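The residues making up each chain are set out below.
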Amino acid sequence: MFSLSNFKLLVEKQEEINAMYQNCEELKKSTIAPKISSEVDHFFDSIKNHLESQGFMVTVTTSKLKAQYKQAFITIDKHSKDLEECIFINLNNYVEDQLSIMLDNDNDTQQSQQISTNNQDDFSSVIDQVNDKLQRAKNLQNACRAAKLIYKNKQNKIFLSAQEAINFYFH
């Protein structure tokens, strides 16, 4: 049943959700974006050093790394997204993969549980949706506070460090 007290409950939950997302936005700017940028620089430096030690001639710009060995080349481009940096690894136009350096939000459950609404009124269904949204906001806020980064490729393989990713792609 919909009542004024139920409406107030929804408003209060939405205010809590908005406050969490605002906190996350501030953390993105102050902590996460600089940390991702630093991790990308570290990754590029590590790749450069590794490939140079393997005999490649390496050129680095702000958004690209190009390594050449005789007629073969490796191109690595980066493109920013929200809470992640996408890195495209192209091996002599034969193989390309995408590796993302991103915020580890392992509690992020985008799959909302489907609840049978046969025995629920419309308000109960709305409350369940708001509670799911509140839980996702809490998970994101916790991830933003921890600011732990992971490397993840298109196949959802997760690497916990730059070295793990380099070993996977270049050994």
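Heads up: these notes are all about the structure in this document. These numbers were taken from a predicted model, which means no experiment stands behind them.

Structural notes on the packing of helix α1 (residues 4-53) against helix α3 (residues 162-170)
In step 1: Contact geometry of α1 with α3 gives a least axis separation of 10 Å together with a crossing angle of 40 degrees. When the axis of α1 is compared with that of α3, the two are oblique. Pair α1 / α3 crosses with right-handed handedness. Counted together, E39, H42, F43, S46, I47, H50 and L51 of α1 and A162, A165, I166 and F170 of α3 form the full contact between these two elements.
In step 2: Split by residue class, the contact of α1 with α3 holds seven nonpolar, three polar and one charged.

Some details on the nonpolar core
In step 1: Grouped together as the largest cluster of nonpolar side chains are 33 residues, with contacts concentrated most on F43, L51, I76 and F170.
In step 2: Elements supplying a minimum of two residues to this core: α1, β2 (64-69), β3 (72-81), β4 (84-91), β5 (95-103), α2 (122-146), β6 (149-153) and α3.
In step 3: With nine residues, α1 is the single largest residue contributor to this core.
In step 4: Once residues lying within four places of it in the same chain are set aside, the contact partners of I76 are F44, I47, S63, K64, L65, I87, F88, I89 and F170.
In step 5: Core analysis: the next-biggest nonpolar cluster, separate from the first, contains eight residues, F123, I127, V130 and A137 among them.

Considerations on the sheet that holds β6
In step 1: On the basis of which strands lie adjacent, the open sheet formed by seven strands has the order β1-β2-β3-β4-β5-β6-β7 and antiparallel pairing. Looking at strand neighbours, the two that pair on one side only are β1 (57-60) and β7 (158-159), the edges of this open sheet.
In step 2: Bridge analysis of β5 against β6 gives five bridges, and the strand direction is antiparallel. Bridging across to β6, L99 finds its partner in N153.

Notes on the pairing of β4
In step 1: β4 sits mainly inside the fold: six of its eight residues count as buried.
In step 2: Across eight bridges, β3 lies against β4 in antiparallel orientation. Within the sheet, the bridge partner assigned to I76 lies in β4 and is I89.
In step 3: Hairpin connection between β3 and β4: a loop of two residues separates the two successive antiparallel strands, and L83 in this loop has a positive phi of roughly 65 degrees.

Things to note about the packing of aromatic side chains
In step 1: For the structure shown, the criterion picks out six aromatic pairs.
In step 2: Arranged with centres 5.5 Å apart and planes meeting at 45 degrees, the rings of F56 and Y69 form a pair that is tilted. Residue F56 is found in the loop between α1 and β1, and its partner Y69 is found in strand β2; the two are separated by 13 residues along the sequence.
In step 3: Classification of Y69 as partly exposed rests on a relative accessible area of 40%.
In step 4: Judged by centre distance (5.1 Å) and plane angle (50 degrees), the rings of F159 and F168 are tilted.
In step 5: The exposure class assigned to F159 is buried, which follows from its relative accessible area of 2%.
In step 6: The ring centre of F73 lies 5.3 Å from the NZ or CZ of K66, which sits over that ring.
In step 7: Over the aromatic face of F44 sits the side chain of K78, whose NZ or CZ is 5.7 Å from the ring centroid.

Digging into the pairing of β3
Two faces belong to every sheet, and in a regular strand the side chains alternate between them.
In step 1: Here six bridges tie β2 to β3, and the two strands are oriented antiparallel to one another. Directly across from K64, in β3, lies its bridge partner D77.
In step 2: Once β2 ends, the chain turns through two residues before running back antiparallel as β3, passing K70 with a positive phi of about 55 degrees.

Quick word on the side chain of K28
In step 1: Relative to the assigned elements, K28 resides in helix α1.
In step 2: Sequence-distant contacts of K28, defined by excluding residues within four places in its chain, comprise A33, P34, D82 and L83.

Procedures and definitions
In every chain, residue numbers begin from 1 and rise along the written sequence. This being a predicted model, a pLDDT of at least 70 is required before a residue's local features are given, and a value of 80 or more before pairs of side-chain atoms are given or counted; all residues contribute to the totals for chains, interfaces and linings. Side-chain metrics in this entry use all non-hydrogen atoms of the structure; hydrogen atoms and water are not considered. In this analysis, axes come from line fits to C-alpha atoms, helices being fitted only over the stretch in contact, and the angle between any two N-to-C directions falls in the range 0 to 180 degrees. To qualify as a helix, a DSSP run of H or I must reach at least 4 residues; to qualify as a strand, a run of E must reach at least 2; elements of each kind are numbered from the N terminus. Should an angle lie under 35 degrees it is considered roughly parallel, over 145 roughly antiparallel, and from 65 to 115 roughly perpendicular; all remaining angles are considered oblique. Less than a right angle of anticlockwise turn of the near helix away from the far helix marks a crossing as left-handed, whereas a clockwise turn marks it as right-handed. Two residues form a contact once any of their heavy atoms are found within 4.5 Å. Polar here means any residue outside two lists: the nonpolar Ala, Val, Leu, Ile, Met, Phe, Trp, Tyr, Cys and Pro, and the charged Asp, Glu, Lys and Arg; Gly therefore counts as polar. Throughout this description, the term nonpolar core refers to a set of buried Ala, Val, Leu, Ile, Met, Phe, Trp, Tyr and Cys residues connected via side-chain atoms within 4.5 Å. Buried residues are those whose accessible area, probed at 1.4 Å on protein chains only, stays under 20% of the maximum for their type, while exposed residues exceed 50% and partly exposed ones sit between those limits. What makes two strands pair is DSSP finding at least two bridges between them. Geometry of aromatic contacts follows a simple scheme: Phe, Tyr and Trp rings, the Trp one being its six-membered ring, pair when their centres are within 6.5 Å, and the pair is stacked under 30 degrees between planes, edge-to-face over 60, tilted otherwise. Definition used: whenever NZ (Lys) or CZ (Arg) falls within 6 Å of the ring centre and also within 35 degrees of the ring normal, the charge is taken to sit over that ring.

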